[in-house]
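Remarks on the overall topology
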Amino acid sequence: MVDTSGDEAVFVNHSVQDREDSAGEESERARPSTSSLKRKHSPALGSATPTRSPAPESTSVAPPPTFTPHTAHLPPSSYDFYSTSRTHPHNKGNYRYSPCGPSTSTSLPVGFQIHRHIESQPQEVRFSWEDRSPFVLITEDAKTITAEKGWRGARANVPIREGNWYWEITVNRAGGEGGREMDGVGEGSWCRVGVGRRESPLNAPVGFDGYSYSYRDRVGDAVTLSRPKPYGRPFTSGSTIGVYLSLPPRPTPSPLDRRDPARIVRKRVPIRYKGQLFFESLEYLASKEMDDLGIDPATKVKPVVEDKKAAPGTKAPPKVQDLGPPPRPLPKLEKSRIAFFLDGECQGVAYEDIYDFVPLRLHAGEMGTKGLTGDPRENWHDDGMMGYFPLVSVFGGAIATINPGPDFAYPPPKDIEGALNFSPHPPTSAPIVQPERKVDGEVLPPWRPLSDRYVEFLAEQTRLDDLDETASIKVFQAAREAEEALAAKNPTAHTGFGLPPPVPATKKGKLLVASMGAIKKEDVGVVGSPSASPRPASPALSGVGSGVAEETKPGVGLSALSREEVADSDGENVESGDVEMVG
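Basis of the calculations
- Residues numbered from 1 in each chain as written.
- Predicted model: local features only at pLDDT ≥ 70, side-chain atom pairs only at ≥ 80, totals over all residues.
- Heavy atoms only, no water.
- Helix = DSSP H or I, 4+ residues; strand = E, 2+ residues; numbered from the N terminus.
- Buried < 20%, exposed > 50% of the residue type's maximum accessible area, 1.4 Å probe, protein only.
- Contact = heavy atoms within 4.5 Å.
- Areas by Shrake-Rupley, 256 points an atom, 1.4 Å probe, with all protein chains shown as cover.
- Phe/Tyr/Trp six-rings, centres within 6.5 Å; stacked < 30°, edge-to-face > 60°.
- Lys NZ or Arg CZ within 6 Å of the ring centre and 35° of its normal.
- 1 Å grid on protein atoms, 1.4 Å probe; cavity = no way out; pocket = protein on both sides within 12 Å on 5 of 7 lines; lining within 4 Å.
- Points joined across faces, edges and corners; volume = space filled by probe spheres on them.
- Nonpolar A, V, L, I, M, F, W, Y, C, P; charged D, E, K, R; others polar.
- Salt bridge = Lys/Arg side-chain N within 4 Å of Asp/Glu carboxyl O.
- Pairing = 2+ DSSP bridges.
- Axes fitted to C-alpha atoms, helices over the stretch in contact; angles between N-to-C directions.
- pLDDT = per-residue confidence, 0-100.
- Core = buried A, V, L, I, M, F, W, Y, C linked by side-chain atoms within 4.5 Å.
- Polar contact = N/O pair within 3.5 Å; in protein donor to acceptor, adjacent residues only side chain to side chain.

1. Things to note about the overall build of the chain
Secondary structure assignment for the chain yields three helices and 32 strands. Expressed as a percentage of the 583 residues in the chain, the buried residues total 54%. At a minimum sequence separation of 6, the contacts of the chain that also span at least 24 residues come to 71%. Of the roughly 25800 Å² that the chain leaves accessible, carbon and sulfur atoms contribute 54%.

What follows is the structure, given as structure tokens:
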């Protein structure tokens with residue numbers, strides 16, 4: 001469960017923008033510059049006819065995407081696969097999407113309405129509609145995936161943050177089936193099963209970098225950082241892979257350390273795409289420290305510094321090249337482990353002490369890659385949706401199905417840790433002690449089926465949404481009181497969130513109630529007459545999925561909300577902060 005003590009209800013919640021175009025060109029590592037992008041319109045659907053259209057917009061459950069018959073050349077199978085890439089946003093180009101809906105409990109005006117995370121059909125653990133490669137084809141129940149060419153991956157729709165969890169992946173087609181190695185043509189069908197963080201690419205196999213860990217069908221190796229190591233038996237078509245993931249409890253972040261990346265900070269923008277509402281946020285980028293793990297130290301290029309002599313009367317140049325700030329340590333989750341089962345047979349521990357999934361702490365004085373003038377959605381904290389996701393990669397027509405339980409094809413032993421001790425690869429540390437669970441007096445196993453994670457994840461998001469909404473109401477009320485106070489002093493001033501009135505001085509900054517209700521703590525230099533205009537906001541404030549800036553339109557939401565103590569015009573403290581309300 002998410003510990004919300006010290007959570008920072010920070011989110012970007014701009015007016016709803018239409019996104020009837022694509023979400024940008026595919027990019028897995030470099031976020032494109034917002035000043036150099038142009039909108040890319042989705043191609044016409046042509047003769048392909050959708051088999052189902054989305055239901056009307058809902059405030060509680062989002063409909064599934066429109067399923068379009070695919071044109072890929074796939075091996076024959078009993079599954080009906082569909083494409084959704086032309087009618088549904090995918091997490092790509094370093095942008096992330098999740099369904100949302102307007103809050104029905106807030107008292108804010110429509111122009112400042114808050115949005116909340118909502119479920120999407122089907123309401124269970126499955127592969128995510130948004131968090132998969134656009135080239136991955138999927139069934140209507142979102143349980144089975146395939147792809148025609150290249151390595152393509154899909155993550156499940158729930159992250160695992162702590163605890164012991166178990167699920168199965170049924171490999172319907174893999175192990176090189178259809179390839180030259182099996183008297184066929186081409187390279188055959190291959191599959192990798194494992195877990196991955198949000199930074200792991202979806203157009204690469206699981207285990208491509210240090211953000212994911214896999215068990216592959218070929219030879220049965222365990223692969224991470226693209227470095228295979230002998231592990232278990234190889235698997236093929238018809239095999240069932242059981243995955244066991246054990247993570248330690250999350251520590252409570254300090255409420256006094258605002259730079260702690262473990263503090264929960266949410267930054268997102270509600271957009272309208274193809275008639276549905278989604279939160280759009282910036283995806284976490286790979287860190288230099290993690291990228292360096294994949295570099296062989298023997299081949300790493302060392303900087304060459306010439307020893308130049310100083311001219312008479314001048315200062316000698318430094319002999320040591322400035323390489324920037326020192327590398328940050330990569331925290332690990334002590335006693336964490338990943339183990340796999342093949343058709344019920346324990347293969348042992350594949351990985352231990354895996355890397356922590358929260359972002360690395362910024363260096364002192366560092367404000368991120370874009371600094372103070374960058375996109376306010378840039379997040380260097382946990383947003384409450386980080387963790388390790390069940391992740392599957394398929395190649396050349398491979399087919400894989402996720403089974404979150406609780407009914408498994410090969411039920412694992414109640415004492416998985418005990419089974420690991422007698423496996424070919426036993427653990428090197430003691431297991432994480434989990435609290436005892438009982439139902440009707442019966443002691444339950446210390447692990448849980450992945451299906452239980454769905455309700456728990458929704459409860460976490462609901463709690464965070466409640467914090468966001470409470471803070472937003474306080475910010476809105478403070479802004480209204482400030483404007484009413486100004487109107488009482490200057491009856492000729494425009495109120496009702498119209499033209500900007502004079503700016504009141506406060507103890508910890510200055511509130512600017514500007515046109516369209518913009519309030520920015522950093523706009524301390526804007527005072528005086530209605531002709532004064534605030535410091536120009538970053539074009540990325542209303543940037544779309546492709547990174548294109550638009551003129552801010554009247555719509556919905558608060559943005560860049562940071563719950564911190566800011567004094568209002570009467571000197572009383574209210575919970576608010578770096579706030580911009582776009583009405």
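2. Quick look at the packing of aromatic side chains
Applying the stated criterion to the full structure yields 14 aromatic pairs. Relative to Tyr-388, the ring of Phe-357 has its centre 6.3 Å away and its plane inclined at 85°; by these criteria the two rings are edge-to-face. Of this pair, Phe-357 sits in the loop between β21 (345-352) and β22 (389-395) while Tyr-388 sits in the loop between β21 and β22; the two residues are 31 residues apart in sequence, bridging distant segments of the chain. Per residue, the accessibility class of Phe-357 equals that of Tyr-388, and both read buried. Sitting over the ring of Phe-279, Arg-268 keeps its end group 3.8 Å from the ring centre. In this structure, Lys-274 packs its charged tip against the face of Tyr-273, placed 5.8 Å from the ring centre.

3. Let's talk about empty space enclosed by the protein
The full count for this structure, using the stated rule, is 11 cavities of 30 Å³ or more. Quantified by volume, the largest cavity comes out at close to 230 Å³. As for the largest cavity, its lining consists of 22 residues, of which Pro-99, His-117, Ser-128, Glu-130 and Asn-157 are closest to the centre. Considering only residue class, the lining of the largest cavity consists of 11 nonpolar, six polar and five charged. Taken as a whole, the second largest cavity encloses approximately 170 Å³ of empty space. Elements with a minimum of two residues in the lining of the second largest cavity: β5 (95-102) and β19 (276-282). Per-element tally for the lining of the second largest cavity: the top contributor is β19, with four residues. A breakdown of the residues in the lining of the second largest cavity according to their chemical character gives four nonpolar, four polar and eight charged.

4. Some thoughts on the pattern of salt bridges
Tallying each qualifying case throughout the model produces 28 salt bridges. Across the pair Asp-257 and Arg-361 runs a salt bridge, and its minimum N-O distance is 2.6 Å. With Asp-257 in the loop between β17 (239-247) and β18 (269-273) and Arg-361 in the loop between β21 and β22, the pair connects residues that are 104 residues apart, well separated along the chain. With a closest N to O distance of 2.9 Å, Arg-266 and Asp-465 form a salt bridge. Taken together, the positions of Arg-266 in the loop between β17 and β18 and Asp-465 in helix α3 (residues 453-489) put the pair 199 residues apart, joining distant regions of the chain. One network of salt bridges, with partners in common, ties together Arg-96, Asp-131, Arg-155, Arg-198, Glu-283 and Asp-383.

5. What about the sheet that holds strand β14 (residues 212-216)?
Pairing between the strands of a sheet is mediated by backbone hydrogen bonds and can be parallel or antiparallel. Read from one edge to the other, the open sheet built from seven strands follows the order β8-β11-β22-β13-β14-β15-β16, with strand pairing classed as antiparallel. The two strands at the open ends of the sheet, each matched to only one other strand, are β8 (127-132) and β16 (227-229). Averaged over all pairs of adjacent strands, the angle between strand axes in this sheet comes to 30°, irrespective of strand direction. Relative to β22, strand β11 (residues 151-156) is paired through five bridges, and the arrangement is antiparallel. Looking at β22, one finds that Trp-151 is bridged to Phe-395.

6. Considering the confidence of the model for the chain
Atom-level detail of predicted coordinates should not be read off regions where pLDDT is low. The share of residues in the chain with pLDDT of 70 or more is 67%, and the mean pLDDT across the chain is 76. This stretch, residues 20-58, has a pLDDT under 50; its non-local contacts, to residues over four places away or in other chains, come to 88 contacts. Note that pLDDT drops below 50 for residues 498-583; the model gives that stretch 243 contacts with residues more than four away or on any other chain.

7. Here we look at the nonpolar core
Trp-167, Cys-191, Ile-241, Leu-245, Phe-340, Ile-354 and Tyr-388 are the most contacted members of the largest nonpolar core, which has 56 residues in total. Grouped together as the second largest cluster of nonpolar side chains are 10 residues, Tyr-166, Ala-339, Phe-408 and Leu-420 included.

8. Thoughts on the pairing of β19
Of all seven residues in β19, seven are buried, a share of seventy percent or more. Side-chain alternation along β19 places Gln-276, Phe-278, Glu-280 and Leu-282 on one buried face and Leu-277, Phe-279 and Ser-281 on a second face that is also buried. Relative to β19, β5 is paired through five bridges, and the arrangement is antiparallel. The residue bridging Pro-99 from the neighbouring strand is Phe-278, located in β19. Note: β18 against β19, five bridges, orientation antiparallel. Considered in β19, the bridge of Tyr-273 is made with Gln-276. Counted between consecutive antiparallel strands, the loop separating β18 from β19 contains two residues, among which Lys-274 sits at a positive phi close to 55°.

9. Some details on the side chain of Ser-281
Looking at where Ser-281 falls in the secondary structure, it is placed in strand β19. Judged by its relative accessible area of 12%, Ser-281 falls in the buried class. If sequence neighbours within four positions are ignored, Ser-281 has contacts with Asn-94, Tyr-95, Arg-96, Lys-267 and Arg-268.

10. What about the side chain of Thr-146?
When you line up the elements, Thr-146 lands in strand β10 (residues 144-146). Residue class for Thr-146 comes out buried when judged on its relative accessible area of 1%. Within the structure, Thr-146 has its side chain in polar contact with the backbone oxygen of Ala-398 (distance 2.8 Å). The contact partners of Thr-146, leaving out residues within four places of it in the chain, are Leu-74, Phe-81, Phe-135, Val-136, Leu-137, Val-394, Gly-397, Ala-398 and Ile-399.

11. Description of the pairing of β8
In terms of burial, β8 is a largely internal element, six of the six residues being buried. Where β8 meets β11, two bridges bridge the pair, whose relative direction is antiparallel. Opposite Arg-132, over in β11, you have Ala-154 as the bridge partner.

12. What about unusual backbone geometry?
Here the amide bond leading from Gln-121 into Pro-122 is cis, since omega sits at -15°, within 30 degrees of zero. Within the secondary structure, Pro-122 is located in the loop between β7 (119-120) and β8. The backbone of Asp-440 shows a phi angle near 55°, a positive value even though the residue is not glycine. Note that Asp-440 resides in the loop between β24 (438-439) and β25 (442-443).

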